[in-house]
Amino acid sequence: MAKKSKKGPWQETILNAARPTALKSGTADHLLSTRDITMRQKLFIHIGPHKTGTSSLQRFLFNNQKALLKRGVFYPIAHLSDFDAQHRLAFAILGKTDPNDRQIPSREADIVPILNEIKSSRADTAIISSEAFFPADTTAIQFLHDQLHEFTPVVVFYARRQDEGYVSTYTQRAKSPRHRYAQPIHTHLDHPVSMSRDLDIYQQVSNWARVFGKENVAARLYNREITVPADFLRCVDERRTESPPLASMMDRFKASKDINKSPSLEATELMRLSKSQCDDPEVRQITIDLLQKQFESGRSAAKLLSTADRRAILEFFRPSNDKLFREYFSCENKFAPELLLTGEETGRETLTIGEAAKMIVELVEGTPYARARRVIAAASRWQRVRWRKSKMEF
């Protein structure tokens, strides 16, 4: 989940613009009159899941609020807490603790300002986003549905092949300082959904379709080759046919950088093992940051899984994936292992004790303390040499 920066002057302008005002003549078609607001406003609810480019999309939406609003698309900024997205609202409807203030937000207190902001924006389209929405049960989803009865909702999700999602979730858990997760990646292979409930895509999406209706669910395919913000705007364009297209204007928006880069195999395993030896979250954070920076270049963490491991994961989800693609993509299962795993069979790669020891030595040698010691030692040798030469000359 991406952290956000402090509000700038232009963001205050957006908040002021969102307050009800009298419409002037000649208003653009994608800005609605007060009478039409609750009849025509379309609300896109981006539910994730995790590890499908959510942070880059949320940063894009947050950084381009002003440009999007000019084109009739509003991204609310009320109650964002320290995030770029509506994670706090997701925590509220799920009854989960906000990690920033360690409190469970009030559902009503958080959603009402967001909805009022959307309605008073007069934009024909609005977007809210949080990957924390994805695993919500039908009770939580029903609350959200009831609160959105004045809007035309579109629930958007991205489907990522589970073997890749499994590795990405593992590296995320390994580098998180908030807990002491330190299990090897292969621990969950017998029951991959224990790595993350998000991996059972069909089960989670079915809960949303059950409440909002399958016709109001937009399914998208995720892979590392797509640019998620551009793809999401194409999705909006497909459901917003009467307004100016957005995807064709990508070059006019501020680019969104990858802000959640995956660590290398070496960094992942060292972070995981170091967490098991440390109780202090602050020390864990310092250690993790140091390891990730020091060993950024290395083997891909994807190599922790063999071809056989990946096949087992995809086979585990085959029944639900068959239904997912049939019902939401109107095609055959594109995550079938025989379609994806056609190359040379590969084995598991690991971090050996010898490799770990060598990396620790490299890490120590790169610290300011070690560099200072080397400088002092070199100076001492130089002084000794000068002393010997002076004695010989004498």
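Let me begin by describing the structure that accompanies this report. (Residues numbered from 1 in each chain as written. Predicted model: local features only at pLDDT ≥ 70, side-chain atom pairs only at ≥ 80, totals over all residues. Heavy atoms only, no water.)

Time to look at the packing of helix 11 (residues 265–275) against helix 12 (residues 281–294). Axis separation between helix 11 and helix 12 bottoms out at 9 Å; the angle between their running directions is 165°. By the angle class used here, helix 11 and helix 12 are roughly antiparallel. Crossing of helix 11 over helix 12 shows right-handed handedness. Counting all contacts with helix 11, which are made through A267, L270, M271, S274 and K275, the residues of helix 12 involved are R284, T287, I288, L291 and Q292. (Axes fitted to C-alpha atoms, helices over the stretch in contact; angles between N-to-C directions. Helix = DSSP H or I, 4+ residues; strand = E, 2+ residues; numbered from the N terminus. Parallel < 35°, antiparallel > 145°, perpendicular 65-115°, else oblique. Left-handed = near helix turned anticlockwise from the far one by under 90°. Contact = heavy atoms within 4.5 Å.)

Further remarks concern the sheet that holds strand 5 (residues 217–221). Taken in spatial order, the five strands of this open sheet run 2-3-1-4-5, and their pairing is parallel. Both outer strands of the open sheet, strand 2 (73–74) and strand 5, are each paired with one neighbouring strand and no more. As judged from the two bridges shared by strand 2 and strand 3 (residues 125–129), these two strands associate in the parallel manner. The partner of V73 across the bridge, within strand 3, is T125. (Pairing = 2+ DSSP bridges.)

Okay, the packing of helix 9 (residues 201–212) against helix 14 (residues 318–329) next. Running from N to C, helix 9 and helix 14 cross one another at 40°; their axes reach a closest spacing of 8 Å. Viewed along their axes, helix 9 and helix 14 adopt a mutual orientation that is oblique. Residues I201, Y202, V205, S206 and A209 of helix 9 form the contact with helix 14, whose own contacting residues are S320, K323, L324, E327 and Y328. Split by residue class, the contact of helix 9 with helix 14 holds six nonpolar, two polar and two charged. (Nonpolar A, V, L, I, M, F, W, Y, C, P; charged D, E, K, R; others polar.)

So, on to the packing of aromatic side chains. Evaluated as defined, the whole model comprises 11 aromatic pairs. Ring centres of F133 and W208 lie 6.3 Å apart, and the angle between their planes is 80°; this geometry places the pair in the edge-to-face category. Here F133 is found in the loop between strand 3 and helix 7 (138–147), whereas its partner W208 is found in helix 9, with 75 residues between them in sequence. Residue classification places W208 among the buried residues on the basis of a relative accessible area of 0%. Put simply, the rings of F157, Y202, F325, Y328, F329 and F335 touch in pairs and so form one group of aromatic residues. (Phe/Tyr/Trp six-rings, centres within 6.5 Å; stacked < 30°, edge-to-face > 60°. Buried < 20%, exposed > 50% of the residue type's maximum accessible area, 1.4 Å probe, protein only.)

With that out of the way, let us pick up the nonpolar core. The biggest cluster of nonpolar side chains holds 45 residues, and the ones touching the most others in it are I45, F133, F157, W208, L324 and Y328. No other element matches the seven residues that helix 9 contributes to this core. With residues up to four places along the chain from it excluded, the contact list for Y328 reads F157, Y202, V205, S206, A209, K214, V217, A219 and K323. If you look at the next biggest cluster of nonpolar residues, it comprises 26 residues, including A67, I127, V156 and A218. (Core = buried A, V, L, I, M, F, W, Y, C linked by side-chain atoms within 4.5 Å.)

Attention shifts here to the pattern of salt bridges. For the coordinates displayed, the defined rule picks out 24 salt bridges. A salt bridge links E355 to R299, with the shortest nitrogen-to-oxygen separation between them at 3.5 Å. One end of the pair, E355, is in helix 16 (residues 353–365); the other, R299, is in the loop between helix 12 and helix 13 (307–316), and 56 residues separate them in sequence. Judged by relative accessible area, E355 falls into the partly exposed class, the value being 31%. Connected through salt bridges with shared partners, the residues R160, R161, D163, E164, R224 and R310 form a single ionic network. (Salt bridge = Lys/Arg side-chain N within 4 Å of Asp/Glu carboxyl O.)

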